[in-house]
Amino acid sequence: MQLRYNYRAYPDASQRRALARAFGCARVVWNDCLRDRREAHAAGLPYVKSAELSRLRITQAKRTGERAWLAEVSAVVLQQSLRDLDTAYKNFFDAVKGKREGRRAGPPRYKSKKDTRQSIRLNTNAFSLQDDGTVYVAKAGNLKVTWSRRLPAAPTSLTVTKDSSGRYFLSFVVDTEPDILPGLETDAGLDLGLSAFAVLSDGRRIDSPRFLRRAEKKLKRLQRELSRKAKGSKNRAKARIKVARQHAKVADRRRDWHHKASTQIIRDNQAVYVEDLAVSGLGRTRLAKSVHDAGWSAFVGMLEYKAVKHGRTFAKVGRAFPSSQVCSVCGFREGRKPLHVREWTCAECGTMHDRDHNAARNVLCEGRRIVATGRVETPNACGVPVRRAHVPAQRVEAGSPGRVRRPRPKSLDF
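Residues numbered from 1 in each chain as written. Predicted model: local features only at pLDDT ≥ 70, side-chain atom pairs only at ≥ 80, totals over all residues. Heavy atoms only, no water.

**Student:** Any chance you could explain the side chain of E216 here in plain terms?
**Tutor:** Mapping E216 onto the fold places it in helix 4 (residues 211–227). Using a relative accessible area of 16% as the deciding quantity, one classes E216 as buried. One polar contact links E216 to K289, side chain to side chain, over a distance of 2.8 Å. (Helix = DSSP H or I, 4+ residues; strand = E, 2+ residues; numbered from the N terminus. Buried < 20%, exposed > 50% of the residue type's maximum accessible area, 1.4 Å probe, protein only. Polar contact = N/O pair within 3.5 Å; in protein donor to acceptor, adjacent residues only side chain to side chain.)

**Student:** Just checking my understanding: could you explain the nonpolar core for this structure?
**Tutor:** Side chains of a nonpolar character, in soluble globular proteins, are inclined to be buried together. Judged by nonpolar contacts, the single largest core of 46 residues is most densely connected at I120, L122, L158, V160, L170 and F172. Mapped by element, the contributors of at least two residues to this core are strand 1 (2–9), helix 1 (13–42), helix 2 (50–59), helix 3 (75–97), strand 3 (118–123), strand 5 (135–137), strand 8 (155–162) and strand 9 (168–175). Leaving out residues up to four positions away in the same chain, V160 has contacts with L19, F23, Q118, S119, I120, L122, F169 and L170. In this structure, V274, L277, V279 and W296 belong to the second largest nonpolar core, which totals 25 residues. (Core = buried A, V, L, I, M, F, W, Y, C linked by side-chain atoms within 4.5 Å. Contact = heavy atoms within 4.5 Å.)

**Student:** What's the story with helix 2 in this structure? I'm lost.
**Tutor:** Those residues of helix 2 not exposed but buried are L53, S54 and I58. Looking straight down helix 2, one finds its buried side chains confined to an arc of 100 degrees; they lie on one side. (Arc of directions from axis to C-beta.)

**Student:** Sorry if this is basic, but what is going on with the pattern of salt bridges here?
**Tutor:** Side-chain pairs of opposite charge can arise where the charged atoms are in close proximity. Using the criterion set out here, one finds 25 salt bridges in the structure. Among the ionic pairs, D84 bridges to R121, the shortest N-O distance being 2.6 Å. With D84 in helix 3 and R121 in strand 3, this pair connects stretches of sequence that are 37 residues apart. With relative accessibility at 15%, the residue R121 sits in the buried group. Shared partners join several salt bridges into a network, and the residues in it are D32, R35, E66 and R67. (Salt bridge = Lys/Arg side-chain N within 4 Å of Asp/Glu carboxyl O.)

**Student:** Help me understand the layout of surface pockets, please; the structure alone is not making it clear to me.
**Tutor:** Gaps between atoms show up when a probe of the same size as a water molecule is rolled over them. Quantified by volume, the second largest pocket comes out at close to 580 Å³. The wall of the second largest pocket is formed by 20 residues, among which K113, D115, K162, S164 and R240 lie closest to the centre. Among the elements of the structure, helix 1 and helix 5 (234–268) are those that each provide at least two residues to the lining of the second largest pocket. In terms of residues, the lining of the second largest pocket owes the most to one element, helix 1, which gives five residues. For the lining of the second largest pocket, the per-class residue count stands at five nonpolar, six polar and nine charged. (1 Å grid on protein atoms, 1.4 Å probe; cavity = no way out; pocket = protein on both sides within 12 Å on 5 of 7 lines; lining within 4 Å. Points joined across faces, edges and corners; volume = space filled by probe spheres on them. Nonpolar A, V, L, I, M, F, W, Y, C, P; charged D, E, K, R; others polar.)

So this is what it looks like as structure tokens:
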């Protein structure tokens, strides 16, 4: 399986200028090639092949006075930018044809120097790990890196990223074998919510840290200062970086907490089942800020890939499953209940239920049924191995999300 390892980099002034040139050249190649394909499509011409674009927009462009500065960066950066454009088009075409699962990908869009994220991608011909702990990047030099942990194997590719707060990161893709943990007899169903981040089927509750809510006071002050600065001034640029850094701190804290919580759940259970919530739909309701602050999608994604990495079973229960309407003891369905109803008594068997705990137990039972029928590509409940799908490292540097109409979200069962 492929895993991605991120490390903080600290380039000096000359290296930052070299990386800025690389970001700009990769962006220009992307935009030039995208423009050629869009113009060909508008004129009714065939799809422009990558080989033709590489010859016109990279090789020949370097010999012109208008694009001569493309030769100042590594050719690998330019070629990888074209490959990323090909990947973005492939994702879009597969989404149109129905071959791609998950969120629908839209057509590629032009990049801007004002984008909050700038990145370049390199293969093994353009970077190497040095004995002194630095990373050599072609045409940029040896970058100082803070190694928070060792790489399990030699990396196959590297992505250099600059975020909106001015921080630099190196992202290595590594091919590694799964780290199978000893088998356990326990499994768990999770009910995600807002008052409590998650309630497990055994009754344990994981409180929601609410990182964004806790940082709102400082963010409001920084955003007020930003709004009072003149547009285009240096003071406004400084104020924008302060706001971006504060948001980055909130995101880092949330991500770190998600990793720790998901790792603990995977280590404590042989199988984990979670409800498939319509997060994108819930993010458009009056609870949008709290929904995004919880970060359910990122948390569920971590559970999924860590289950594959450590040999655990993971399954999603469909969002149409009435987890909060069914009694987990007798199976009697009473119908929908308002959000303020946190406890209820079953009219059939008289059992007193906590809303979230009952939903988690129902998710556990439904997850077991799904796995037993072989509807997920993981080891089933009897321990019989079923073919597991290949899980590549995520490539967030290519592709564009599409704007499509989605079904209305399920009623909030928190």
